[in-house]
Amino acid sequence: LQEEEMAALRQEIEFLRAEDALRCQELQAKRTRVAIAEAVLARAKEEAESLQSALRTTTDDAAAALRRARDEAQELLHSEQATHSALQTALEESDAALSHAKDEVSQLESANRQLHVALAQAQRESEQ
């Protein structure tokens with residue numbers, strides 16, 4: 001009976017050793033999967049940081065381009081406003097000069113008529 005018990009115990013020990021070896025293999029497989037997952041995660045993190053840096057650079061470049069475009073638009077607007085103001089002033093000055101010239105022409109025409117009247121009167125008087 002003891003030999004049978006001993007054989008059964010040996011058989012149980014072999015079974016437990018086989019079971020332990022299987023668990024060790026499973027544990028090693030899990031460790032390998034964890035290591036792979038950690039490596040994939042580290043790589044994904046590096047890529048995310050790289051993309052974030054590229055996005056920051058792109059955003060900064062776009063913001064700088066927008067600022068330059070805004071500044072150029074403001075300069076153009078100021079230039080257009082200055083041109084408009086100068087044209088408005090020139091137009092007002094031109095209108096004033098034209099009005100003054102019309103007044104002078106009117107005065108010259110009046111003086112010319114008076115001169116013709118005076119000449120006609122002088123001619124009549126000289127004929128008498």
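1. Some points on the overall build of the protein chain
Next, step 1: Within the protein chain one finds 1 helix and 0 strands.
Next, step 2: Taken against the 2.2 N^0.38 rule, which gives 14 Å for 128 residues, the C-alpha radius of gyration of the protein chain at 54 Å runs more than 25% over that of a compact globule.
Next, step 3: Dimensions of the protein chain, computed from C-alpha atoms along their principal axes, come out at roughly 185 × 15 × 10 Å.
Next, step 4: Looking at the protein chain as a whole, 0% of its 128 residues are labelled buried.
Next, step 5: Across the protein chain, 15 positive and 26 negative side-chain charges occur, with their mean positions spaced 8 Å apart.

2. Topic: the environment of A8
Next, step 1: Among the secondary structure elements, A8 is positioned in helix α1 (residues 2-127).
Next, step 2: Through-space distance from the C-alpha of A8 to that of R113 is 152 Å; in sequence the pair is 105 residues apart.

3. Topic: the pattern of salt bridges
Next, step 1: A full pass over the atoms with the stated rule returns 4 salt bridges.
Next, step 2: Residues joined by salt bridges that share partners form a network here, namely R43, E46 and E47.

The rules behind the values
Counting restarts for each chain, with residues numbered from 1 along the sequence as it is written. Local features in a predicted model are, by the rule used here, given only for residues with pLDDT of at least 70; side-chain atom pairs are given and counted only at 80 or more, and totals for whole chains, interfaces and linings are based on all residues. The basis for every side-chain value is the complete set of non-hydrogen atoms in the structure, without hydrogens or water. Helix and strand labels come from DSSP, where a helix needs a run of H or I of at least four residues and a strand needs a run of E of at least two; each type is numbered from the N terminus. The atom set for the radius of gyration is the C-alpha atoms, and the globule formula is 2.2 Å times the number of residues raised to the power 0.38. Per-residue accessibility, obtained with a 1.4 Å probe over protein chains only, is compared with the maximum for each type, and a residue is labelled buried under 20%, exposed over 50%, and partly exposed between these values. In this tally Asp and Glu are treated as negative and Lys and Arg as positive; neither His nor the chain ends contributes. Charged side chains are reduced to one point each, which is NZ for Lys, CZ for Arg, CG for Asp and CD for Glu. Any carboxyl oxygen of Asp or Glu that lies within 4 Å of a side-chain nitrogen of Lys or Arg is treated as forming a salt bridge with it.

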